[in-house]
Amino acid sequence: MTVPENKIILSEAQLPQHWYNIVAELPFDVPKPLHPVEDRAVEIDDFDWLWPAECLRIELQKDEYGTDAWIEIPEFISDVYRRYRPSPLVRARSLEKHLGTSAEIYFKREDLNPAGSHKFNTALVQAYYAAQEDGSRIRCMVTDTGAGQWGAALAMACETLELDCCVFMIRKSYDEKPYRRYMMRMAGAEVYSSPSELTSTGRQILKDDPENSGSLGIGMSEAIEFVKENPERRLALGCMSYYAVLHQSIIGLETKLQLEQIDRSPDLMVGCVGGGSNFTGFIAPFVRDKIEGSSIEFRAIEPESIPTLSEGEYRYDWADFSELTPRILMYTLGHRFVPPPVHSGGLRYHGKTPVLSALVKNDVVGTKTYSQREVFDAGRVFLKTEGVLAAPESAHAVLGAIDAARDASKAGRKQVIVLCLSGHGYLDLKGFSDVLDLDTPN
Ligand SMILES: *Cc1c(COP(=O)(O)O)cnc(C)c1O
């Protein structure tokens, strides 16, 4: 075996030219979305006013998206990806040393792009589909955002495609977490505190409860209503969609090449799950190996207070509070679930994307939950050892890897553990401070 390097870097020429379309190769079906109220499958023209048509084609597994394992990445996208991709895979030697572990730990860096998280990988493509759409003149992408990672990624993507961007940001975050709001504004987006006076949903809620602090469900309902008002607008979605998973497969494809380059194959891959897009994209190309008999393990990490995969029900449910979106078969805590105010805003979804849910249901992927305190402690250890401040969401993956490395050491096993560092936490320091008590003078 060759001695592994610290950073495994691919050249720009090695950037994958295709996304991996896992649904075309799974030995089981990933059920397609059902109409929100009628007892039938969704068709493209049910929702072509709401989503870019290409997003719907992917979501409904139409044509090549139902049959082809490899989907060509448009040249425009590759050109922009090359500004920050391929991203490094880094051996966490310092963390290994700190733990005194027999395991090797690697992290895939998705924190080094324009918006600071993996979300830009799909925001860019969604804006591209909208800008390219034949027959419509889409001028504006609309979305909702919690802590602001998704809004910031979409704002940057829209700027790249010269589209307008309108973001409904949950009022509590709008007021308490202003930095990503500033970033969205700098990138040219309009940001509204939700509930807002711009939609009838928002006006009604504010009339009944002027102090309402907002939720992702309300934000999404406002975004949908806002799109419906104007045919030049479409909705962008970060996490729960299959098109987001497809685009995020770039993470796993690069990781696979990088590990091959140093002659390693992973024993365990670990990631955090909100809607499931970064983790599913990360593991997708390796799932194929597992189905063909490899002993690789996959572990999806959730906050203890939002245990969708670990304790939710597997059934059809809506992606939004107001039952406007298609119903999808997934693990869910119920679309009316109100998540506790944990700092990992990106993990506060009631459901998990159908493909990941199916992988868990079929025992391909395992799950684990951790408390916020232990996750933030792991974030601190990671900063001290590796010099990287993980996003609160990504710190779940870090702890998953630390935990697994400890188990490996106890068993005297030499494991290769790879985690997906989905984003950085430099704009989340207030959350770290609240949990780790960093404001008290020392
Ligand atoms: C949004 C977000 C997540 C969760 O979303 P997934 O769809 O599960 O990937 C995880 N990490 C970061 C940094 C995020 O911004």
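Residues numbered from 1 in each chain as written. Predicted model: local features only at pLDDT ≥ 70, side-chain atom pairs only at ≥ 80, totals over all residues. Heavy atoms only, no water.

Engineer: Got a sec to walk through the overall build of the protein chain? Specific residues and values, please.
Structural biologist: Along the backbone of the protein chain there are 18 helices and 15 strands. For 442 residues, the compact-globule estimate of 2.2 N^0.38 gives 22 Å, and the protein chain sits close to it at 21 Å. Every one of the 442 residues in the protein chain was classed for burial, and the buried ones make up 62%. In the protein chain, once contacts between residues fewer than 6 apart in sequence are set aside, the share between residues at least 24 apart is 75%. (Helix = DSSP H or I, 4+ residues; strand = E, 2+ residues; numbered from the N terminus. Rg over C-alpha atoms; globule rule 2.2 N^0.38 Å. Buried < 20%, exposed > 50% of the residue type's maximum accessible area, 1.4 Å probe, protein only. Contact = heavy atoms within 4.5 Å.)

Engineer: Quick rundown of the packing of aromatic side chains? Include the residues and the values.
Structural biologist: Overall, the coordinates contain 14 aromatic pairs when judged by the stated rule. Here Tyr20 and Trp70 contribute two aromatic rings whose centre-to-centre distance is 5.1 Å and whose plane-to-plane angle is 45 degrees, an arrangement assigned as tilted. Of the two residues, Tyr20 sits in strand S2 (residues 18-20) while Trp70 sits in strand S3 (residues 70-72), which places them 50 residues apart along the sequence. Accessibility expressed as a relative area gives 2% for Tyr20, which makes it buried. For Trp70, a relative accessible area of 39% translates into the label partly exposed. Consider the rings of Phe168 and Tyr192, whose centres lie 5.2 Å apart with planes at 55 degrees: the pair is tilted. Residue Phe168 is found in strand S7 (residues 164-170), and its partner Tyr192 is found in strand S8 (residues 190-194); the two are separated by 24 residues along the sequence. Judged by its relative accessible area of 0%, Phe168 falls in the buried class. (Phe/Tyr/Trp six-rings, centres within 6.5 Å; stacked < 30°, edge-to-face > 60°.)

Engineer: Please set out the sheet that holds strand S14 (residues 366-370) residue by residue, giving values where relevant.
Structural biologist: Whenever strands of a sheet pair, they do so through backbone hydrogen bonds, lying parallel or antiparallel. Pairing within the open sheet is mixed, and its seven strands lie in the order S1-S4-S5-S15-S10-S11-S14. Each edge of the sheet is formed by a strand with only one pairing partner; in this case those strands are strand S1 (7-8) and S14. Its contacts with the sheet put helix H13 (residues 277-291) on strand S5 (104-109), strand S10 (268-272), strand S11 (297-303) and strand S15 (416-421), and the angle it makes with S10 is roughly 160 degrees. (Pairing = 2+ DSSP bridges. Axes fitted to C-alpha atoms, helices over the stretch in contact; angles between N-to-C directions.)

Engineer: Describe the sheet that holds S7, listing the residues and the values that go with them.
Structural biologist: Read from one edge to the other, the open sheet built from four strands follows the order S8-S7-S6-S9, with strand pairing classed as parallel. One side of each edge strand has no neighbouring strand; the edge strands of this open sheet are S8 and strand S9 (233-235). Averaged over all pairs of adjacent strands, the angle between strand axes in this sheet comes to 25 degrees, irrespective of strand direction. Pairing analysis gives five bridges linking S7 to S8, with the strands arranged parallel. Looking across to S8, one finds that Ile170 is bridged to Ser194. Of the strands in this sheet, strand S6 (140-145) and S7 are in contact with helix H7 (residues 149-161), which crosses S6 at around 165 degrees.

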